[in-house]
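# Observations on the model geometry
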Amino acid sequence: MNNIDIAKTYIKAVQTNDQATLGSIISPDVIWHQPGKNRFSGTHRGMAAVGPMLGTMMEVSKGTFAITHADHYMANGDWVAITLEFAGEANGMKLKQPGVDLIRVEGGKIVEIRLFSSDQKQEDAFWGQ
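Quick summary incoming for the structure in this document. This is a predicted model, so every value here is computed, not measured. (Residues numbered from 1 in each chain as written. Predicted model: local features only at pLDDT ≥ 70, side-chain atom pairs only at ≥ 80, totals over all residues. Heavy atoms only, no water.)

## Remarks on the layout of surface pockets
There is about 720 Å³ of room inside the largest pocket. Forming the walls of the largest pocket are 29 residues, and the residues nearest its centre are Val 14, Trp 32, Leu 54, Met 58 and Phe 65. When residues of the lining of the largest pocket are assigned to their parent elements, the largest contribution, six residues, is made by helix H3 (residues 47–60). When grouped by side-chain class, the residues that make up the lining of the largest pocket number 18 nonpolar, nine polar and two charged. (1 Å grid on protein atoms, 1.4 Å probe; cavity = no way out; pocket = protein on both sides within 12 Å on 5 of 7 lines; lining within 4 Å. Points joined across faces, edges and corners; volume = space filled by probe spheres on them. Helix = DSSP H or I, 4+ residues; strand = E, 2+ residues; numbered from the N terminus. Nonpolar A, V, L, I, M, F, W, Y, C, P; charged D, E, K, R; others polar.)

The structure is reproduced here in structure tokens:
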């Protein structure tokens, strides 16, 4: 698979909660950059840290947080940028906004993920402190 194929596989696996596929394409040493100033913000290193963070996000949103669609996949060397939309409900708020996921692929595995939100203040309020 080329890097765009890996990115498409990643998005589809996230959308369908395909943990086996995610485990096969994300490096156990992944570096995850969660933007903003909320309880999940910061750099998380390794699936031992990323997995529980994502699980807590699903708990907080009662399973509603999702990538609702992904539009464009653009590769530049090891990096793939994906324009997407994400949505969910948490803390009495509804969230729906565009964003960009930027993933770095090495040796057929996702080794780094950087997320960008179009309205970070709204997302911070959504997740809370």
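We are not done yet, so read on.
## Structural notes on unusual backbone geometry
Positive phi values are uncommon outside glycine, yet Lys 62 reaches one of about 50 degrees. Its location among the elements puts Lys 62 in the loop between H3 and strand E3 (66–76). Look at Asn 91: it is not a glycine, yet its phi comes out positive at around 50 degrees. According to the relative accessible area criterion, Asn 91 is partly exposed, its value standing at 48%. (Buried < 20%, exposed > 50% of the residue type's maximum accessible area, 1.4 Å probe, protein only.)

## Things to note about the sheet that holds strand E1 (residues 26–34)
Here we have six strands laid out as an open sheet, ordered E2-E1-E6-E5-E4-E3, and mixed in their pairing. Where the open sheet ends on each side, the last strands, each with one partner, are strand E2 (42–45) and E3. With direction set aside, neighbouring strand axes in the sheet form an average angle of 20 degrees. Pairing of strand E4 (residues 79–90) with strand E5 (residues 93–106) involves 12 bridges; the strand directions are antiparallel. Bridged to Glu 89 within E5 is Lys 94. Across the sheet, H3 is in contact with E1, E2 and E4; its angle to E1 comes to roughly 55 degrees. On top of the sheet, helix H4 (residues 120–127) reaches E1, E4, E5 and strand E6 (109–117); it is set at about 105 degrees to E5, its chief contact. (Pairing = 2+ DSSP bridges. Axes fitted to C-alpha atoms, helices over the stretch in contact; angles between N-to-C directions. Contact = heavy atoms within 4.5 Å.)

So far we have only geometry, and geometry alone does not tell us how the molecule works.
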